[in-house]
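Take a look at the letters that make up each chain.
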Amino acid sequence: MSTPAPAPAQASRAAARRRGRYGAPALLLAPFMVLFTACTLVPIGYAVHLSLYTEHRSGLGFGGSETVFTGLGNYTRALGDAAFRAGFWNTAQYCLLYIPLMIGLSLLTALLLDSALARAKRFFQLALFLPHAVPGIIAALVWVYLYTPGISPVIDALNGVGAEVDVLGHPLSAVVNIAVWEWTGYNMVIFYAALQAIPREVLEAAVVDGAGPLRTALSVKIPLIRASITMVGLFTVIGSLQLFTEPMILHDVAPGVVSTWTPNMYAYSAAFERNDYGLAAASSVLLALAAAVLSFVVTRASRGRSRKEDAA
């Protein structure tokens, strides 16, 4: 009869098993956690700290300045500023126009490439993705060239045939057009990859049941890639709230794009034009909170819809 191991030996073995179970994941996650802390948590904490203070200058500004704790004063100033609220309104209009248009075009092109009738799929994938490979600043500068009358061959040609076009007079549509051109191909690749992962026997069963290409796309393909659509929608909402590059480039040529046209531009103007870092930090924190709330709403709405459809 074998004698049981002593209690200290059993405890050491259990501790060794626990270290083996959690040690490898912790080691693999350590580089990410270090970078996440240094590049995300620390800047957010510093922004929150800055948002609680403001600088007061004495006299005519020659006596220096002192940092004063204001609590939520900077947040109150930002929310009470009509320009900051107008930036959110401009962003909301941009989202309502851009998100359905971009996702719809990305999904449509992915479905067309996934269809049996599509030819030269590799070529069209590359052609549609290439605009995303162009840096956002370069893309915005190219479109500014195409938007400007007297410089743009497209605008001059349209004006020559009597079609008076003033794209820069409608900055919202101009910004949406640039963003759609940049991001449609990128999200098309995501949707196309998800479509390629659908088991072929499922599609063959739909064809056997008499479903045509349109019915198969609407009733089989799109429901099966709902997770990818939700992910793209979530990332697009977050990216839309951070809109900065395109309107910033249009700021010098489009009269409707002011320096506070979006919340990001408002924070940039407060920090680097007015040197009000507390106000800039407060507006940035408010923008981050808005992005978090919208992300939560989109995620909950998609989960609720999925549960209803599964129950049905």
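Below is a short write-up of the structure. One numbering rule holds for all chains: residues counted from 1, following each sequence as written. With pLDDT at 70 or above as the cut-off, local features in this predicted model cover only qualifying residues; side-chain atom pairs require 80 or more to be listed or tallied, and sums for whole chains, interfaces and linings still use all residues. The basis for the side-chain values is all heavy atoms of the structure; hydrogens and waters are excluded.

### So, the nonpolar core
Inference 1: As used in this record, nonpolar core signifies buried Ala, Val, Leu, Ile, Met, Phe, Trp, Tyr and Cys residues forming a set joined through side-chain atoms within 4.5 Å. Burial status follows relative accessibility: with a 1.4 Å probe on protein chains alone, a residue under 20% of its type maximum counts as buried, one over 50% as exposed, and anything between as partly exposed. With 42 residues, the main nonpolar core has Tyr 94, Tyr 98, Tyr 147, Phe 191, Ile 225 and Leu 250 as its most contacted residues.
Inference 2: Only runs of H or I of at least four residues qualify as helices and only runs of E of at least two qualify as strands under DSSP, and these elements are numbered from the N terminus. Only helix H3 (82-114), helix H5 (136-147), helix H7 (171-196), helix H8 (200-208), helix H9 (213-224) and helix H10 (226-241) provide two or more residues apiece to this core.
Inference 3: By residue number, the principal contributor to this core is H7, which donates 11 residues.
Inference 4: Apart from the residues within four sequence positions on either side, Phe 191 is in contact with Ile 103, Ser 106, Leu 107, Ala 110, Ser 228, Ile 229 and Val 232.
Inference 5: Listed in part, the 11 residues of the second largest apolar core include Tyr 75, Ala 78, Leu 279 and Leu 286. The contact definition used throughout considers only heavy atoms, calling two residues in contact when any of these lie within 4.5 Å.

### So, the environment of Val 176
Inference 1: Tracing the sequence through the fold places Val 176 in helix H7.
Inference 2: For Val 176, a relative accessible area of 4% gives the class buried.
Inference 3: A sequence separation of 78 residues divides Val 176 from Tyr 98, and the C-alpha atoms of the two residues are 5.6 Å apart.
Inference 4: Setting aside chain neighbours within four positions, we find Val 176 in contact with Tyr 94, Leu 97, Tyr 98 and Leu 101.

### Considering H9
Inference 1: With 12 residues, H9 extends 15 Å from end C-alpha to end C-alpha; this agrees with the ideal 16 Å at 1.5 Å per step.
Inference 2: Thr 216, Ala 217, Val 220 and Lys 221 are the residues of H9 that are buried. Along the axis of H9, the buried residues cluster in a sector spanning 130 degrees; they form a single face. Among the exposed residues of H9, those pointing more than 90 degrees away from its buried face are Leu 214, Arg 215 and Leu 218. Residue count minus one, scaled by 1.5 Å, sets the expected span of a helix. By construction, the arc corresponds to the directions joining the helix axis to the C-beta atoms.

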